[in-house]
Amino acid sequence: MRSWLSPTPPSRLRRQWHSIRTLVAIATVLAIVCLGIGAAADTASASNAAAGLGDDRELTVPAWLTVFTGGVAIGASALLAALVTDRQLVDALHTWSLPLSASRSDPSNPSNRSETSSALAPHLRELASGLWWLTGLVGVAALVGTVVVGLTGPGRVAPTANLAIILSFVGLRSLLPMVAFLVGNPWPALDPFRRLARALAALGEGVMCLLPPIQSFGGTDTDSTDTGPTDTHAIADGGSGLLTYPSTLSSWPAVAGLGALVWLELVLPVTSDPPLLARLAAGYTIYTVAGAILFGSNAWFRRADPLATVFRLYGAVAPIQRRRDGRGLTLVLPGSRLRDPDLVTDASEVAFVLLLVWELTFNGFVVTPPGSRLLAELVGAGAPVAVATFAVFAGGYAVAFGLYWLAASTARRTAPTYLSTATLARRFAPPLLAIAAGYHVAHYVGVVLSLSPAAVAVVTSPLSPPLNPTTLALPGWVGMLEIGALLAGHLLAVWVAHATAFDCFPGRLQAIRSQYPLIAVMVCYTAVSLWLLTLPTVQPPTLAG
């Protein structure tokens, strides 16, 4: 097998040069688009509102920086697609890992270290079990605090002085997703809904054990053969429930759930009305716990729960992952997990990834002058605010989904293959999570930083918080951080898509050509995101109350 340092044959060099010229042409067209966006942006204020939470801020972001970052992203995309063509190098980068805890069966450990690890293993398991229960209690306490303090907390204070709003929007909405894709997925340890569902299921099993066995009318003793209803209703995804989760639903309930959460966040005053937020949290708890009991925790939280799905997908971007054998954690290069073919398994999960990307774009769009004007025109035409918001949200999502599917279909023509459009759409969806992660940092890092003093004050004294908590005035470098996060997310997405193409296509030129339409979609999305980031923040009619 030829090494990646070996010289390339002349015929292959000519074919690669043809591909490079094609990439340069694509890059030139996209650069013109970015230049137009940069010229329209001039020198503006970066927007970073979270559904009306927090104060408006002015961060000067030069238009030339927007144009420059767009050009750098395009150039790097072309170079990655044209020059890095050795499969061994790509595989070596994506399979590199460093175990963070030694396994007892690891043959590379010396015998004395194996004995030490074996001696410490019970204590480490006890420590891990204790931490698991502690984080679970923290998650349940946060949920209870959100509901109780939201309903009965102190009145006549700023919204940011209420524990329910701080935990929901600074913690769950903004900070925890960053932890998920920058470090590792914390949600399985914190998830209060899964803990409550398992506790109620265990309580129900205990009550059933205390009841006397039910005899059949024929007098036949069935105790010796009856395995209980949970065994006869086993779920294919693992776990058991009263009913079998319908396989035809796939992850569409999670798609609908995420869309409903984003829509409600904008049409209801949840960032200024703690009792309303507490009632919604209680309703979501009843909904998801009931679903987990009916269909089994494993199936429900893998397929139907939107929060668990968000954190599972964001966690795939992180550098800390669970080992394949489930024994401990391992350190990998960021985004390595996005190449796995089992991360996104069907069209419903493709739709969820695209919705996760679109909701960030939508949240950034509606607080800018163009988004506010569009909503105002629809409301002025007689449409209710809720209907107008849903129309823009659903219409934009349909356009984004259609463009992505068109790009996957076009990839089959630029690089002829037996793989279907649905298969290509499924394989190339995970790289979009890196772009979503970068835009999430750009959209919410200012919220976390500016409200961090208020969060500390409210969490430490939830029943007697300050009337008007302190917020930080953000320095100018935060705008540069936002631009850098978008750029880093784009570059990681292009690299993962490049590695995925070499998994899907046997030929090098075929793999390169398959990326033309998909890279174009990624770069255009990044250019639009940069444009939204440079626009000032306004109050759309949806958020005006």
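In short, a report on the structure. (Residues numbered from 1 in each chain as written. Predicted model: local features only at pLDDT ≥ 70, side-chain atom pairs only at ≥ 80, totals over all residues. Heavy atoms only, no water.)

### What to know about the packing of helix α14 (residues 369-380) against helix α15 (residues 385-414)
Using the following cut-off: Each axis is a line fitted through C-alpha atoms, taken for helices only over the stretch in contact, and angles between the N-to-C directions span 0 to 180 degrees. Each helix is a run of H or I in the DSSP string that is no shorter than four residues. Each strand is a run of E no shorter than two, and both are numbered from the N terminus. Throughout, the term roughly parallel applies to angles under 35 degrees, roughly antiparallel to angles over 145, roughly perpendicular to angles from 65 to 115, and oblique to all others. If you view the pair so one helix is near and one far, a crossing is left-handed when the near helix is turned anticlockwise from the far one by less than a right angle, and right-handed when it is turned clockwise. Here a residue-residue contact requires only that any non-hydrogen atoms of the pair lie within 4.5 Å. All residues other than Ala, Val, Leu, Ile, Met, Phe, Trp, Tyr, Cys, Pro, Asp, Glu, Lys and Arg, Gly among them, are scored as polar; the first ten of these are nonpolar and the last four charged.
Their axes nearest at 9 Å, the elements α14 and α15 cross at an angle of 130°. Taken together, the axis directions place α14 and α15 in an arrangement best described as oblique. Between α14 and α15 lies a crossing whose hand is right-handed. Contacts between α14 and α15 pair L374, L375, L378 and V379 from the former with V385, A388, T389 and V392 from the latter. By residue class, the composition of the contact of α14 with α15 is seven nonpolar, one polar and no charged.

### Here we look at the pattern of salt bridges
Side chains that differ in charge, positive against negative, can pair when their charged atoms come close. The cut-off we apply is this: Salt bridges are defined by distance alone: a side-chain nitrogen of Lys or Arg within 4 Å of a carboxyl oxygen of Asp or Glu. Each residue is placed in one exposure class: buried if its accessible area under a 1.4 Å probe, protein chains only, is under 20% of its type's maximum, exposed if it is over 50%, and partly exposed if it falls in between.
This model, assessed by the stated rule, comprises eleven salt bridges. Its salt-bridge partner being E265, residue R173 comes within 3.0 Å of it at the nearest N-O pair. Here R173 is found in helix α5 (residues 163-182), whereas its partner E265 is found in helix α9 (residues 252-267), with 92 residues between them in sequence. Of the two residues, R173 and E265, neither departs from the other in class, the shared state being buried. With its nearest N and O atoms 3.3 Å apart, the salt bridge here joins R312 to E349. One end of the pair, R312, is in helix α12 (residues 306-315); the other, E349, is in helix α13 (residues 347-365), with 37 residues separating them in the sequence. On the accessibility criterion, E349 (3% relative accessible area) is buried. Taken together, the shared-partner salt bridges in this structure form one network comprising R302, R303, R312, D346 and E349.

### Looking at the pairing of strand β5 (residues 329-332)
Quick reminder of the rule: Strand pairing requires that DSSP identify at least two bridges connecting the strands.
Only one face of β5 is buried: it carries T330 and V332, and the other face, with L329 and L331, is open. Here strand β4 (residues 320-322) pairs with β5 via three bridges, running antiparallel. When the bridges of β5 are listed, Q321 appears paired with T330.

### Overview of the nonpolar core
In plain terms, the rule: In plain words, nonpolar cores are sets of buried Ala, Val, Leu, Ile, Met, Phe, Trp, Tyr and Cys residues tied together by side-chain atoms within 4.5 Å.
Y314 and Y404 are the most contacted members of the largest nonpolar core, which has 106 residues in total. In terms of residue count, helix α17 (residues 431-460) provides more of this core than any other element does, 16 residues in total. Y314 has contacts with P177, A180, F181, L356, L360, L433, A436, A437 and H440, leaving out every residue within four places of it along the chain. By size, the runner-up hydrophobic cluster in this structure holds six residues, among which are A164, F169, V270 and L276.

### So, the packing of aromatic side chains
Selection rule: Here the aromatic set is Phe, Tyr and Trp, taking the six-membered ring for Trp, and pairing holds for ring centres within 6.5 Å; pairs whose planes are under 30 degrees apart are stacked, those over 60 apart are edge-to-face, and all others are tilted.
On inspection of all chains with the given rule, the structure shows 14 aromatic pairs. Between W187 and F193 the ring centres are 6.5 Å apart and the planes differ by 45°, which places this aromatic pair in the tilted class. Comparing W187 with F193 shows no difference in burial state: the two are buried. On the numbers, 6.3 Å between centres and 55° between planes, the contact of Y284 with Y287 is tilted.

### Quick notes on unusual backbone geometry
What is expected of a backbone is that most residues other than glycine have negative phi and most peptide bonds are trans. Here S250, not a glycine, exhibits a phi torsion of approximately 50°, which is positive. Structurally, S250 is set in the loop between α8 (229-232) and α9.

### Some remarks on the sheet that holds β5
Read across the sheet, three strands follow the order β3-β5-β4 without closing on themselves; strand pairing throughout is antiparallel. The sheet is open, and its two borders are formed by β3 (97-99) and β4, each paired with just one other strand. Taken over all neighbouring pairs, the strand axes of this sheet differ in orientation by 35° on average, direction set aside. Here β3 runs beside β5; their pairing, made up of three bridges, is antiparallel. Pairing of L98 across the sheet is with L331, part of β5.

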